[in-house]
Amino acid sequence: MQDDLKKATINLEKMTSQKDEIESNAIYKNAFEWRFEFPEVLNNDGEFKGFDLIIGNPPYIQLQSIGKESDTLEKINYKTYSRTGDIYSLFYEKGNELLKNNGILSYITSNKWMRANYGEPTRKYIVENTNPLILIDFGMNLVFDNATVLSNILIFSKGRNFKCLKAVRIPNDYDLKLDINVFFTNENSIVSVNQNAWVIQSNVIQEIKSKVEKQGVKLKDWDIKINRGILTGLNEAFIINGVSKR
């Protein structure tokens, strides 16, 4: 009887606390209120219209490292969600949702989504739900002084994909103090992308690759099975010293 009374008392105190928070609006203490901060994104009826432009540097956090919060994000059914992925992928999707039609989004993020397996949902979402305009892959160049992350800048608009993505990969020896706009203008190429890995190549390399592919059949299209052969971890049986060799 005492245990039941104790549990009931605890539940009552919890419900009373929640009631007080709601009545005092404490749960909205640190909330960001768009209607006050950006009234221009609402129409005369107070309905959300969307942003013309979104610029950002989303956080880089592995989803599998944040436990229950990752489970919550998965239940929201983000199309870009991947358990082994990164939270910045979700920002691409949410940013696109917050744009008005033909609005522009520009993010600088890690470039791993371009080639990693976990980035496939993100690549698929961008191709199917946005109009990619500009992609700058910084390759092995470190853009941030205090972060060892390889980066890219992606710009897209909200609307139908016209498949005119202009892309460039910055050379590893490029001096980032120079004007990237000039390099991009001179070196960019139109790149065809899909949900597979995004590979940025110069026009010259693309032309050579296209010519080679037209000359024959790709190995993946051959009806053959390629084996690696026999593998072993017994190094002692295969690696010998100079004395044994004589």
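Let me begin by describing the structure that accompanies this report. Everything numeric here is computed off the predicted structure, so don't read it as measured data. (Residues numbered from 1 in each chain as written. Predicted model: local features only at pLDDT ≥ 70, side-chain atom pairs only at ≥ 80, totals over all residues. Heavy atoms only, no water.)

### Examining the pattern of salt bridges
Selection rule: Salt-bridge detection follows one rule: a side-chain nitrogen of Lys or Arg within 4 Å of a carboxyl oxygen of Asp or Glu. Under the DSSP-based scheme used, a helix requires at least four consecutive residues in state H or I and a strand at least two consecutive residues in state E, with every element numbered from the N terminus. Three exposure classes are used, based on accessible area relative to the maximum for each residue type with a 1.4 Å probe and protein chains only: buried under 20%, partly exposed in between, and exposed over 50%.
Enumeration according to the criterion identifies 7 salt bridges in this entry. With a closest N to O distance of 2.7 Å, Asp71 and Arg83 form a salt bridge. Remark: Arg83 occurs in the loop between α3 (68–75) and α4 (88–98) and Asp71 occurs in helix α3; sequence separation between them is 12 residues. Overall, Asp71 belongs to the partly exposed group, its relative accessible area being 31%. The class for Arg83 is partly exposed, based on a relative accessible area of 33%. Here Arg169 and Asp137 are joined by a salt bridge, their closest N and O atoms 3.1 Å apart. In this pair, Arg169 is assigned in strand β5 (residues 166–169) and Asp137 in strand β3 (residues 131–142), connecting sequence segments 32 residues apart. Its relative accessible area of 34% is what places Arg169 among the partly exposed residues.

### Details of the packing of aromatic side chains
As a reminder, the rule being used: Here is the rule: rings of Phe, Tyr and Trp (six-membered ring for Trp) pair when centre to centre is within 6.5 Å. Planes less than 30 degrees apart are stacked, more than 60 are edge-to-face, and the remainder are tilted.
Evaluated as defined, the whole model comprises 8 aromatic pairs. When the ring of Phe48 is compared with that of Phe51, the centres are 6.0 Å apart and the planes differ by 65 degrees; the resulting orientation is edge-to-face. The exposure class of Phe48 is partly exposed, given its relative accessible area of 35%. Take Phe51: its relative accessible area is 14%, and that puts it in the buried class. An aromatic cluster of at least three residues, connected via ring pairs, comprises Tyr92, Tyr107, Trp113, Phe156 and Trp198.

### Some remarks on the pairing of strand β4 (residues 150–157)
Condition: A pair of strands is treated as paired once DSSP finds two or more bridges between them.
Where strand β2 (residues 99–110) lies against β4, 7 bridges are found, and the strand directions are antiparallel. Each bridged residue has a counterpart across the sheet, and for Ile104 the counterpart in β4 is Ser157. The pairing of β3 with β4 spans 7 bridges and is classified as antiparallel. The residue of β4 that forms the bridge with Asn131 is Ser157.

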